[in-house]
Structures are given as C-alpha cells and as structure tokens.
Number of protein chains: 2
Amino acid sequence: MDTYNHILLAVDFSGATETLLQRTVALRQFCGADLSLVHVIEPMVVDPSYDVFPAIPLGLEQEAAGKAQRELIRLGDRLAVPADHCHVMLGSTKSEILRCAKDCMADLIIVGSHGRHGVALLLGSTANAVLHGAPCDVLAVRIK
Amino acid sequence: MDTYNHILLAVDFSGATETLLQRTVALRQFCGADLSLVHVIEPMVVDPSYDVFPAIPLGLEQEAAGKAQRELIRLGDRLAVPADHCHVMLGSTKSEILRCAKDCMADLIIVGSHGRHGVALLLGSTANAVLHGAPCDVLAVRIK
C-alpha cells in the first residue's frame, strides 16, 4: 500500500492539540512511519499593522529555544519519538518547517488548523505558504 | 482509534491523479470511512489579468455537467463509490467543495497539489480558501 514513510508534525504547545496528536499517532501507526517533531520560534513577528517587533526579549532566544527543546523532548517521550527527531528551530515558521521536512525527507507534514481562519491562526500568516511551498503532502488537522 | 468517518475527494480529471487515488483508497480502507467524490465546473474563470471569461461556451454548462457526471460515476465504479456519492457542482470551486463537505458531513477533504505552487495550480486560486475555510481536516496530496 502506498502510504507515508516519514511524518513531520509541527507543534506549537498551544492548548487543544490532543486531536492533532491522536490523528498523528493513528496515521503513523497505520503507515508504520517514522515521526519527527518540529517547533519553530519566530524571534521577530509582524502584527496586522505591519509593525515588526521581537516575539521574545532580545538576547533570550537561546533560553527560549532550550525551554522549547525540553518541552518537545517530553512530548517526544510520550509519542515514542527519539530526541534526535525533535527539532526546535529559530526563524520563519514557513522556511523552518519546510527546511526540516526536506532534511528529514518527510513525505507528510501535519499541521494544526484553528476555527474559521484555518491554519492561519495556529502557525501565523506563513501557514498558507507552508501549504503551498511544501515538497510533500500536507495534512491540516482542524482543532475544535 | 480516532480516525475519519466520511472522506470527500475533490477530483479534476487532469492526468497524474493516481497518487491521489492511491492515498485516498489507502486512507479510506484504514479508517473504514465512507467516500464521496466531488468535481466542480467553474462556468466563469478569472485569468491573471483579472479578466473574467466563460470557461465553457455559454449555454453548454449542463452538457459539460452531464459529461463530467458520467466520468465521475466511472471513477466511482472503480473506487466502489455509489453514484449518489458522486457530485458534480457548477460554481466556485471553493464554495462548492465546502458546501459538498458540509452536506455529506465529511470530516476529511482530500485535494491534489501540483508542483511548486502547491494546491493553487490544481484547483485555481480558490484552493487556498478551501484549506482555510474548511470545517474539517484537509489533506493536500502532492502530485509529482
């Protein structure tokens, strides 16, 4: 059967991600696929008025990354994902998810999708670009 | 296991949809889900210069719909989808896919995605809107 070999799950530690995890676990089991996790920290964000401001206090990016790495590894433990498959990236959500997908040769990216604005709210305005730029399949899981 | 009950596959009869069909069949089998098919005919299209022109000769929409219905039913036969689960819609791709998903209470919409522009090329500029407007999960399958 033609299924997936390597699934990349993009997580953001916001609440209500149980649906996302359940779907991922079910699909991974079905496919017998490897699973990697990615969490992206955007040091700079753009608000709706196009102002650019730091999302984390300047100089504390590495501290934030370390904290996220520990959280991601905890999640990895729960999902039986080894630590070297848990990636915390600093940069643009879109570019880093796509880079990570390429590096681990993922053939499926799973992202969460909130309410009426779909994926946009979860992953910022770049989620759309993830969907369009992806070199592989993308599953957007609606989080209720 | 938390999987899908009703999958809606959006098809456009362009070549190279075998990957799309294989993924759909595999997922449907795994989930034990119902499957519906939808094909949308856009009577009017907008080209990149924002000119609006008819995609099919005026007055021939019903003929085009009949032809598409026969093709869709043939595909349905192949996939063991009953004729009353094969929907040909006239209108905007986005609205009609979402309407169809709502009507059949789909919890997963599967669409094809071409090359570097992702889903945009397959379903026109409205694919993005399908992804963002969907009341359920969306799987964009990359067609090589």
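Residues numbered from 1 in each chain as written. Chains lettered and ligands numbered in written order. Predicted model: local features only at pLDDT ≥ 70, side-chain atom pairs only at ≥ 80, totals over all residues. Heavy atoms only, no water.

## Some words on the pattern of salt bridges
Residues and elements named next belong to chain B.
Right, so step 1: Under the definition given, this model contains 6 salt bridges over all chains.
Right, so step 2: Residue E96 is joined to R99 by a salt bridge in which the shortest nitrogen-to-oxygen separation is 3.1 Å. Taken together, the residues E96 and R99, both in helix α3 (residues 93-103) and 3 residues apart, mark about one turn of the helix.
Right, so step 3: Given a relative accessible area of 9%, E96 falls into the buried group.
Right, so step 4: R99 gets classed as partly exposed once you look at its relative accessible area, which sits at 43%. (Salt bridge = Lys/Arg side-chain N within 4 Å of Asp/Glu carboxyl O. Helix = DSSP H or I, 4+ residues; strand = E, 2+ residues; numbered from the N terminus. Buried < 20%, exposed > 50% of the residue type's maximum accessible area, 1.4 Å probe, protein only.)

## Looking at the side chain of A:E96
Right, so step 1: Among the polar contacts listed, one links the side chain of A:E96 to the side chain of A:R99, at a separation of 3.2 Å.
Right, so step 2: What A:E96 contacts, discounting residues up to four positions off in sequence, is A:V40, A:M89, A:L90 and A:G91. (Polar contact = N/O pair within 3.5 Å; in protein donor to acceptor, adjacent residues only side chain to side chain. Contact = heavy atoms within 4.5 Å.)

## Topic: the nonpolar core
The tendency in soluble globular proteins is for nonpolar side chains to be buried as a group.
Right, so step 1: Core analysis: the biggest nonpolar cluster contains 52 residues, and A:L37, A:I110, A:L139, B:L37, B:I110 and B:L139 have the highest contact counts within it.
Right, so step 2: If we ignore the near neighbours within four places in the chain, the residues touching B:L37 are B:L8, B:L9, B:L72, B:L75, B:G76, B:L79, B:V81, B:H85, B:C86 and B:H87. (Core = buried A, V, L, I, M, F, W, Y, C linked by side-chain atoms within 4.5 Å.)

## What to know about the pairing of strand β2 (residues 34-41) of chain B
Residues and elements named next belong to chain B.
Right, so step 1: Within β2, 7 of the 8 residues are buried, leaving the element largely enclosed by the surrounding structure.
Right, so step 2: Of the strand pairs in this sheet, strand β1 (residues 6-10) and β2 are connected by 5 bridges, and their pairing is parallel. Within β2, the residue paired with L8 across the bridge is S36.
Right, so step 3: In this structure, β2 lies alongside strand β5 (residues 86-90), joined through 5 bridges in parallel fashion. In the strand pairing of β5, H39 is matched with V88. (Pairing = 2+ DSSP bridges.)

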